Amino acid sequence: AISGASALTWLREPVCTSSTCPYTYGYATPRGVESGQVPAGFPGLVSLLRLHGDRKRLIIALGTNDASAGCERPTSPAAMRNVQRLLALIPPGMDCVWIGPPQYRRGPVFKDCGENYNRYVDVLHATVTRSCCFIDSRLIRDPSTGSPIEADAADEVHFTARLGEVWARALAPMLRAR
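Please read all numbers here as calculations on a predicted model, not as lab measurements.

Thresholds, definitions, all that
Residues numbered from 1 in each chain as written. Predicted model: local features only at pLDDT ≥ 70, side-chain atom pairs only at ≥ 80, totals over all residues. Heavy atoms only, no water. Disulfide = S-S within 2.5 Å. Helix = DSSP H or I, 4+ residues; strand = E, 2+ residues; numbered from the N terminus. Buried < 20%, exposed > 50% of the residue type's maximum accessible area, 1.4 Å probe, protein only. Pairing = 2+ DSSP bridges. Contact = heavy atoms within 4.5 Å. Salt bridge = Lys/Arg side-chain N within 4 Å of Asp/Glu carboxyl O. Phe/Tyr/Trp six-rings, centres within 6.5 Å; stacked < 30°, edge-to-face > 60°. Expected span 1.5 Å × (residues − 1). Arc of directions from axis to C-beta.

Chemist: What exactly am I supposed to notice about the state of the cysteines here?
Modeler: In protein structure, a disulfide is the covalent linkage between the sulfur atoms of two cysteines. Applying the stated criterion to the full structure yields two disulfides. Each sulfur of the disulfide joining Cys71 and Cys113 lies 2.1 Å from the other. Between Cys71 and Cys113, the S-S dihedral sits near -90°, and the bridge is therefore left-handed. In this pair, Cys71 is assigned in the loop between helix H3 (64-70) and helix H4 (81-87) and Cys113 in helix H5 (residues 107-113), connecting sequence segments 42 residues apart. Judged by its relative accessible area of 1%, Cys71 is buried. Taking relative accessible area as the criterion, Cys113 reaches 8% and is therefore assigned buried. A disulfide bridge connects Cys96 with Cys132, and the sulfur atoms are separated by 1.9 Å. Its S-S torsion of approximately 75° makes the covalent link between Cys96 and Cys132 right-handed.

Chemist: I would appreciate a short explanation of the pairing of strand E5 (residues 95-99) in the present structure.
Modeler: Side-chain direction in a regular strand flips from residue to residue, so the side chains alternate between the two faces of the sheet. In terms of burial, E5 is largely enclosed, as four of its five residues are buried. Both strand E4 (residues 57-61) and E5 contribute to a ladder of four bridges, which runs parallel. Its bridge partner lying in E5, Ile60 is registered against Trp98. As paired elements, E5 and strand E6 (residues 133-135) share three bridges and run parallel to each other. Its bridge partner lying in E6, Trp98 is registered against Phe134.

Chemist: What exactly am I supposed to notice about the side chain of Ser6 here?
Modeler: With respect to the helices, strands and loops of the structure, Ser6 is situated in the loop between strand E1 (2-3) and helix H1 (7-11). Other than its neighbours up to four places away in sequence, Ser6 contacts Leu62, Asn65 and Asp66.

Chemist: How should the side chain of Gln103 be read in this particular structure?
Modeler: For Gln103, the position within the fold is in the loop between E5 and H5. Each residue touching Gln103, except ones within four places of it in the same chain, is listed here: Tyr117, Asn118, Arg138, Pro148, Ile149, Glu150 and Ala151.

Chemist: Hey, could you run me through the pattern of salt bridges in this one?
Modeler: When charged atoms on two side chains of opposite charge get close, those side chains can pair. Summed over the entire model, instances satisfying the criterion amount to eight salt bridges. Between Arg138 and Asp136 there is a salt bridge, with its nearest N and O atoms 2.7 Å apart. The pair formed by Arg138 and Asp136 is uniform in burial state, with each residue classed as buried. Overlapping salt bridges, with partners in common, bring together Arg105, Arg106, Glu150 and Glu156 in one network.

Chemist: Sorry if this is basic, but what is going on with the pairing of E4 here?
Modeler: Sheet topology note: the E1/E4 ladder contains two bridges and is parallel. Bridging across to E4, Ser3 finds its partner in Ala61.

Chemist: Help me understand the packing of aromatic side chains in this model?
Modeler: Aromatic ring pairs are described here by two measures, namely the spacing of the ring centres and the angle between the planes. Per the stated rule, a full pass over the model turns up two aromatic pairs. The interplanar angle of 90° and the centroid separation of 5.5 Å between the aromatic rings of Tyr104 and Tyr117 together place this pair among those described as edge-to-face. Pair noted here: Tyr104 is in the loop between E5 and H5 and Tyr117 is in helix H6 (residues 116-128), with a separation of 13 residues, a long-range link. Here Tyr104 and Tyr117 have matching classes, each one buried. Measuring from centroid to centroid gives 5.9 Å for Phe159 and Trp167, while their planes differ by 45°, and the two rings are tilted. Taking relative accessible area as the criterion, Phe159 reaches 22% and is therefore assigned partly exposed.

Chemist: Even after reading the chapter, I still don't get H6, so can you show me in this structure?
Modeler: Within an α-helix, residues lying three or four positions from one another point in the same direction, as the helix has 3.6 residues per turn. Under the 1.5 Å per step criterion, the end-to-end length of H6 is 18 Å for 13 residues, consistent within 8% with the ideal 18 Å. Within the sequence span of H6, burial applies to Tyr117, Tyr120, Val121, Val123, Leu124, Thr127 and Val128. Down the axis of H6, the buried side of the element spans an arc of 160°, and every buried residue falls inside it. Those residues of H6 that are buried lie in contact with H3, H4, E5, H5 and E6.

Now the structure itself:
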């Protein structure tokens, strides 16, 4: 699984040269799930697929960080260029699941995108479903409120632990069913 950053970030080799990379990774091994913060020099998707191409499934959770650049003109070819480049790297026959970004009705993502945000995610969905199953996080509801989950951390981009767990618990059966 790859998450955090943008499609362009995961196209880089290495993903990050800084000693404090804000990205995460995870993959299944016979001993369980290996995951953590991406260290400096961590390989990009091309190298990861070369190293772990025997895996049956690739899970990608990206979209929020691409939104700010793509939502201004969500239907332009440039809006999905890096997403398409990332999708082209997926080996034929590998099961791919792309987890789209959640709802944003406030905060910096909404400030950058406004009403174009949902259009951007709709275009992302249409682009991704040519190669992967797409799970739309905008449809995941907070059971305590019945409302779509939204970023509730101080930065208004990320989830707190509680909503992160709500999101993960909602995704788990969807991923198992595939």
